[in-house]
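Close look at the chain arrangement
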Amino acid sequence: MLGLLGFYDELDAGPGQPNGSLHDAVRPTGKPDEADLVAYLDAGHYLIDVMESGRDVLTGRPHRHSAGCSSLLTDGTWLWRQDFPHYVETHHAALPEAFTEHVRGQGFRMPPLITAEFAPHYNETMPVVGWTSLVPWRSPAAVLKSN
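The notes below deal with the structure included here.

Conventions and cut-offs
Residues numbered from 1 in each chain as written. Predicted model: local features only at pLDDT ≥ 70, side-chain atom pairs only at ≥ 80, totals over all residues. Heavy atoms only, no water. Helix = DSSP H or I, 4+ residues; strand = E, 2+ residues; numbered from the N terminus. Buried < 20%, exposed > 50% of the residue type's maximum accessible area, 1.4 Å probe, protein only. Contact = heavy atoms within 4.5 Å. Areas by Shrake-Rupley, 256 points an atom, 1.4 Å probe, with all protein chains shown as cover. Salt bridge = Lys/Arg side-chain N within 4 Å of Asp/Glu carboxyl O.

A short note on the overall build of the protein
The number of helices and strands found in the protein is five helices and six strands. N-terminal to C-terminal, the α/β element order of the protein is β-α-α-β-β-β-α-α-β-α-β. Across the 147 residues of the protein, 46% fall into the buried class. Contacts spanning at least 24 positions in sequence make up 66% of the contacts within the protein whose residues lie at least 6 apart. Of the roughly 7500 Å² of accessible surface on the protein, a fraction of 54% belongs to carbon and sulfur atoms.

A short note on the environment of Ser70
If you trace the backbone, Ser70 turns up in the loop between strand S2 (45-48) and strand S3 (72-74). Distance from Ser70 to Phe7, taken between C-alpha atoms, is 9.3 Å for residues 63 residues apart in sequence. For Ser70, the residues in contact, after removing those within four places along its chain, are Val50, Glu52 and Arg81.

A short note on the environment of Met110
Structurally, Met110 is set in the loop between helix H4 (97-105) and strand S5 (113-114). Sequence separation between Met110 and Gly76 is 34 residues; the distance between their C-alpha atoms is 9.5 Å.

Some thoughts on the pattern of salt bridges
In the structure shown here, the tally under the stated rule is four salt bridges. Close ionic contact of Asp33 with Arg104 constitutes a salt bridge, the shortest N to O distance being 2.7 Å. Of the two residues, Asp33 sits in the loop between helix H1 (22-25) and helix H2 (34-42) while Arg104 sits in helix H4, which places them 71 residues apart along the sequence. By relative accessible area, which is 34% here, Arg104 ends up partly exposed. Among the ionic pairs, Arg104 bridges to Glu97, the shortest N-O distance being 3.6 Å. Ionic contacts of the salt-bridge type, sharing partners, join the residues Lys31, Asp33, Glu97 and Arg104 into one network.

Now the structure itself:
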């Protein structure tokens with residue numbers, strides 16, 4: 001299964017989301033390389049592009065990821081909402097150490113997504129984040145590269 005980032009109670013259907021409460025994840029300061037971690041998150045591969053608009057659930061203000069905020073992105077190992085980088089850069093939402101080590105180990109560069117390797121993880125993970133009606137992953141491209 002893919003690691004999950006930013007699936008907070010306040011952003012989704014309520015209590016019981018995989019990452020718990022966003023209020024509990026907020027930190028007074030970020031990691032020294034937080035800007036690089038945010039850039040990595042911003043460079044993720046889009047899996048599902050959702051047409052909607054949202055606001056920062058802590059401040060009520062729009063932000064740079066307000067449009068399509070619950071769209072889903074991945075690096076092939078982790079899965080996150082499009083608005084998750086906003087919560088990291090603005091509220092210093094905690095990041096799992098396994099994720100930061102993973103990103104640092106790749107030199108903060110988004111890897112290509114090898115669809116044959118990714119598909120089983122996608123199919124296993126999507127129901128966990130509430131996307132129960134999706135069909136199994138079938139991409140015509142063998143490798144997806146980020147822009």
